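Residues per chain, in single letters:
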Amino acid sequence: MANATRCLIAGNWKMNGTLQESLDFVDDLGANPAPEHVEVALMPPFTLLHPLAFPFSEKDVRLGAQSMYCEVSGAFTGSISPLMLRDAGCHYVILGHSERRDIQHESNALIRKKLGMAWEHGLEPILCIGEHLEERESGKTNEVLKEQLSVLEGVEAGVPLTVAYEPVWAIGTGKTASPEQVKETHAFVHEELSRLGHDCRVLYGGSVNPGNAAELLACDGVEGALVGGASLKADSFMELIEAAAKLA
Ligand code: PGA
């Protein structure tokens, strides 16, 4: 059952969205998209952070970034710093997304460094973890997740943190983990987090859409969703928020 007070519906727009499209999205969201027991957040591309900060704050939608570099400023062409994200009004930053791990070859060591910088600059990381299909099929899921969560070793308890379990084979594929797989894996993630001294919210991600959201959000240990494709249109995003509100 989704935890009523902590449920987060977070939309990751990835590399999608022009200024005009994002302003249309804001109009389509309506005046009060976030119901009482659901927290709503969106992670647009960097170019849209400043223009969306004010309209989002008026609607109680938290702003987040999809990535960041692990330095504050300097000769890092093409990178964005935690300070800049705070300056733009971000609350969240996604770290360790599988697209960054796989396409940009981001390592656990780099992710650990970024986590530290996020906390130093008042950002709440959404740490993404998840196994590839061959890892699940060869029974290595827990081993992979444990290794990815090891970036939290030695991190003081109580830091602002959200974890998103996203099986890589379910991202953007239309396939989702079964409720049994979700329950079992979230139980393991919560257990591992508590062994590491962290009692934080765990989201599910991977092809969450209006048709499957209620079932996925209702699974034990799921406290919200990180959503790509279905967050790009205001109407489908709002259906996800409504599904979460019904469980609250
Ligand atoms: P998807 O993306 O909902 O399009 O599968 C999820 C994610 O990458 O966070």
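For the structure, check the block above.
Given the structure is predicted, the values throughout are model-derived calculations rather than measurements.

Calculation criteria
- Residues numbered from 1 in each chain as written.
- Predicted model: local features only at pLDDT ≥ 70, side-chain atom pairs only at ≥ 80, totals over all residues.
- Heavy atoms only, no water.
- Pairing = 2+ DSSP bridges.
- Helix = DSSP H or I, 4+ residues; strand = E, 2+ residues; numbered from the N terminus.
- Axes fitted to C-alpha atoms, helices over the stretch in contact; angles between N-to-C directions.
- Contact = heavy atoms within 4.5 Å.
- Left-handed = near helix turned anticlockwise from the far one by under 90°.
- Nonpolar A, V, L, I, M, F, W, Y, C, P; charged D, E, K, R; others polar.
- Near = heavy atom within 4 Å.
- Polar contact = N/O pair within 3.5 Å; in protein donor to acceptor, adjacent residues only side chain to side chain.
- Areas by Shrake-Rupley, 256 points an atom, 1.4 Å probe, with all protein chains shown as cover.
- Expected span 1.5 Å × (residues − 1).
- Buried < 20%, exposed > 50% of the residue type's maximum accessible area, 1.4 Å probe, protein only.
- Right-handed = clockwise from strand over helix to strand, strands pointing away.
- Parallel < 35°, antiparallel > 145°, perpendicular 65-115°, else oblique.

### Some words on the sheet that holds strand β6 (residues 162–165)
Two pairing modes exist for strands in a sheet, parallel and antiparallel, and in both the strands are linked by backbone hydrogen bonds. The strand order around the closed barrel formed by eight strands is β1-β2-β3-β4-β5-β6-β7-β8, and the pairing between neighbours is parallel. Within this sheet the neighbouring strands show an average axis-to-axis angle of 25°, counted without direction. As judged from the four bridges shared by strand β4 (residues 92–95) and strand β5 (residues 124–129), these two strands associate in the parallel manner. Note on β5: the bridge partner recorded for Y92 is E124. Its contacts with the sheet place helix α7 (residues 141–149) against β5 and β6, and it is angled at close to 155° to β5.

### A word on the packing of α7 against helix α8 (residues 179–195)
Interhelical geometry of α7 versus α8 gives an angle of 35° and a closest axis separation of 10 Å. Between α7 and α8 lies a crossing of right-handed hand. In this structure, α7 contributes T141, N142, L145, K146 and L149 to the contact, and α8 contributes T185, F188, V189, E192, L193 and R195. Of the residues in the contact of α7 with α8, the class split is five nonpolar, three polar and three charged.

### Focus: the site of the ligand
Looking at the ligand, there are 13 residues lining it, with K14, H97, E166, G172 and S207 nearest. Interatomic distance of 2.7 Å between a side-chain N/O atom of H97 and an oxygen atom of the ligand. Compared with its free state, where it exposes 280 Å², the ligand has 95% of that area covered by protein. Among the residues forming the shell around the ligand, the class breakdown is four nonpolar, seven polar and two charged.

### A word on helix α5 (residues 108–120)
With 13 residues, α5 extends 18 Å between its outermost C-alpha atoms, agreeing within 8% with the 18 Å of an ideal straight helix rising 1.5 Å per residue. Regarding α5, the residues found buried are N108, I111, K114, L115, M117, A118 and W119. In this structure, the buried residues of α5 make contact with α3 (82–87), β4, α4 (98–103), β5 and α7. One or two residues past the end of α5 sits G122, with phi positive at roughly 75°.

### Re the pairing of β4
Along any regular strand, the residues point their side chains to alternate faces of the sheet. Of the two faces of β4, the one lined by Y92 and I94 and the one lined by V93 and L95 are each fully buried. When strand β3 (residues 61–65) meets β4, the two strands line up parallel, connected through two bridges. When the sheet's bridge partners are listed, G64 is paired in β4 with Y92. Of the crossover connections in this fold, the one passing from β3 over α3 to the parallel β4 is right-handed.

### Section: the packing of helix α1 (residues 19–29) against helix α2 (residues 49–58)
Between α1 and α2, whose axes approach to 11 Å, the crossing angle comes to 5°. For the element pair α1 / α2, the angle class is roughly parallel. Contact residues: α1 offers L19, S22 and V26, while α2 offers P51, L52, P55 and F56. Per-class residue counts for the contact of α1 with α2 are six nonpolar, one polar and no charged.

Honestly, it's all geometry; don't read function into it.
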